[in-house]
Structure formats: C-alpha cells, structure tokens
Amino acid sequence: MEHLRIDREKTAARIAQDIETLSGPAHTRDAVAIRRYAYTPEYAATIAYFTRELEAIGFTVEQDPVGTLVARNVPKGAPAFGIGSHSDSNRNGGKWDGTLGVVMALEICRLNQELGLGLPLVLISFLEEEGSGFGQMLLGSRIVAGRTTEQAMKETIRELDSGRSFWETAQAAGYQPERWRESKEILDGLIGWIEPHIEQARVLQDTENRIGIVNAIAGYVHADIHVHGRDDHAGATPMNFRLDPTTVLAECILELERLAIEEGHATVGTVGEIEVHPSLINAIARSVRFSLDIRGPRDASYIGVFERISAFAHAAAAKRGMTVEVVERQRNPATPMDARIVAALEAAAAATGAPVLTMHSGAAHDTMCVADTVPTAMVFVPCKDGLSHTPLEDAKPEDAALSVEAILNAIRALV
Ligand SMILES: [Zn+2]
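Attention here is on the structure that accompanies the text. For clarity, every value in this text was computed on a predicted model and none was experimentally measured.

Some details on the overall build of the protein chain
Item 1. Each helix and strand counted, the protein chain has 12 helices and 14 strands in total.
Item 2. Whereas a compact globule of 415 residues would reach a radius of gyration of roughly 22 Å, the protein chain reaches 24 Å, a difference of no more than 12%.
Item 3. Taking the principal axes of the C-alpha coordinates as reference, the protein chain spans close to 80 × 50 × 40 Å.
Item 4. Of all 415 residues assigned to the protein chain, the portion counted as buried reaches 48%.
Item 5. Across the protein chain, the fraction of contacts at a sequence separation of at least 24, relative to all contacts at a separation of at least 6, is 76%.

Brief notes about the pairing of strand E5 (residues 190–198)
Item 1. Of all nine residues in E5, eight are buried; the element is thus mostly enclosed.
Item 2. Pairing analysis gives four bridges linking strand E3 (residues 80–86) to E5, with the strands arranged parallel. Following the sheet pairing, Gly82 is matched in E5 by Trp193.
Item 3. Across six bridges, E5 lies against strand E14 (residues 376–381) in parallel orientation. Bridging across to E14, Trp193 finds its partner in Thr376.

Some remarks on the environment of Met368
Item 1. Relative to the helices and strands, Met368 is located in helix H11 (residues 367–370).
Item 2. Each C-alpha atom of the pair Met368 and Arg14 lies 29 Å from the other, and the pair is 354 residues apart in sequence.

Rules used throughout
- Residues numbered from 1 in each chain as written.
- Predicted model: local features only at pLDDT ≥ 70, side-chain atom pairs only at ≥ 80, totals over all residues.
- Helix = DSSP H or I, 4+ residues; strand = E, 2+ residues; numbered from the N terminus.
- Rg over C-alpha atoms; globule rule 2.2 N^0.38 Å.
- Buried ≥ 20, exposed ≤ 12 C-beta atoms within 10 Å, placed from the backbone.
- Contact = placed C-beta atoms within 7 Å.
- Pairing = 2+ DSSP bridges.

Don't take any of this as a statement about function, it's just geometry.
Listed below in structure tokens is the structure:
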C-alpha cells in the first residue's frame, strides 16, 4: 500500500489548538499546572470537549459505566481499530501527558473522515490513569481488564480529597459502578490498539529521533528493605562497637547500581525512599527502611536483579551482625507489544522520512491492560528534556503530526 502523506502543518496546527484549549481555565483546577481527575468539573469539561469534536465528525460517543470515554464510527462490537490514551492529569501535571494521545487519536479520526479513508475506528480516553483522584494508577483500564475487585472499589480505593469510596463517588457523579463488569465490552471487536503518548524521558530528544515505536512496556518489582541495627550514641560508641544500619543501606545502593548495569537488557534499579530512624545527627540509627524500584522489559532480568540485591542485603547485614527483612509491595510483568503492529508502525514511520527509534517504555501505561485481550503497540512523541508530571512539560505539535501520519498509515495497512 502506498504511503499517504498528510498535510502535516494543518494537523500540527489543529493539535496545537486542541492542546491549548484543553489547558484553559475550564480544564484545570490549578492556575499554573494542569490538574484534572475523575468526576471533577474540569475533567467533565474535557470529556465534553472530545465528545463534541467526535460527534461533529459522525462518531457515536458514550462512556462506560464508570466514565471511560468510547467513541466509534462503526456499530458497537463491530471489527475496528482502537486508538487513544487518557485525559486526566497528574496533580502537578503538564498539558501533554495523556491528553496529547487522545488529541492525536481525535486528529486521526478527523483525517479519516476528511480524506474519506473509511477506516473503522474506536477512540478511547481511559478514566483516571494517573491516580490523582483516587491514588490508584491505571484505574479505568484496570476496571476494563478486570484487574481490580468490587470490594476494592467499595472499600480500599478512596478519593484522596474526601476519603469517600470510589464506588460512592462514581455514583454521586451519576455513574453506575455496579455495572463495572460491562466496562470490558468497550474492547469488543477491537482488532488492534495503538496508544500515542509523550515519551516522558529524554531518549528521543538526545538521540535526535522524532518518532518512538514501543516494542515492550517494562515490568517492575516494588519492595522495601528494612535493616535492623542498634541505636547508640554517635560520640561515645567506638567504630568497632556499632551495629549501624546505614552502612548496609550504602552498600546496597551501590550494589543495586552495579547489578542493574551488569544485567543489561535495559534493567534499571532505584532507591527512591530512605527512612532513617530516629534520624538524629548525634545518634547511630536503630533501623533503616529503603525502597526498591527495579524494572525492565525482560522479566528474568529485573526479577533476577531483585533476587540478587535481596540476597546481597541479607549477607551485607549478617557480615556486620545485623538482620534485614525484604517486603515486596507489588510486582507487574513486562508487556510485550504485538510484533505485527510494531512492524506496521516501523514501516509507516520510516516512510514519513523522519528519524525513528524502536524502544521500550520504562513507564506504565493503560496499554498494559488493553494488551490482555487485544494486540497492542504504542508510539512515543519526544518531549523537551524528558520533563513530565510538571507544568514545564513540553512537546512539538510538528512531531505529533509525524506520528499521526505514521499511525494512520499503519492502521490502513492493518485493517
Ligand atoms: Zn500518561
């Protein structure tokens, strides 16, 4: 099939206009940052904007029982290709994270109509990806995928501002959480799914690539290591009389770096939280807690690093007469993207003439939940200095237009 070149300037201008509109005062609770999340007026205004734009080009627009937006240009359940992302934001968010993906999907729907391509399309904007309202990432897509429970929605998942349960908050906003099992039907008929998103790292920018094709989303282990020492006086206790847990912390941080580099396969390991008890300048700590975030696109690699750092922590503590506990918080497997969709995207992206990089996503995305039942891939748009989840977030509509052209052509080849 011959590559279709779109009017990139026109598409870039429309994307810029959509993004500008959706960062106006009606769409954010904050004067500087973008702050919008499920069941707030700002979020409802955003969903209403997409609804109007999609209805204007002949789409049927609805929401699932909890508020995920679904728009179709074919009957419900008929074979179609899915595109979209999320349009909620981090509490201190920028204009681009999530919203750009839905705006690009909208632009693909517009081009499909304008150019008379006749592609069967379903646009989805998932509810509450960032967890800003209820502290749970990927909530809307996890409900669709059945990765959460009714009990959690009624009890543990609570609105951060009011403490009210997700269930009650959704009902008060006019939704029907009791019908949540029907949410999965929004994926019925999908023969494929592509989520466009800003990269949220600086790889594309620093390698001077303008389109990123994602071939896997990293899996991860989150855990805590607790080191138990003995609180003694920092002045009166000679060095060889101490059980100082911060020494084990220090050894573990450096060993985690070494292990991740040695393992390769894009494995990354981070100690992001450190708690020293009692945290006083003149006291040797009684105990230390530090977190582990270990990720990568290859399960065996990051899980192997987690197992080795756990064993190392036990040994490092034992050598100094102390003990550790390793407590796992959460584990999520890596999500490989569909080889056929990735290949179609790579071919279409190359045909745009822009420099393209095939890469993995280190961050989690709704696409992980879609991938349970539908062949999926993602496309990354470069963002300035990798900044994300900050009002400084920035990206170029011209780059987004290139990715729109690539996705449109890939879908033409796949349906
Ligand atoms: Zn996002």
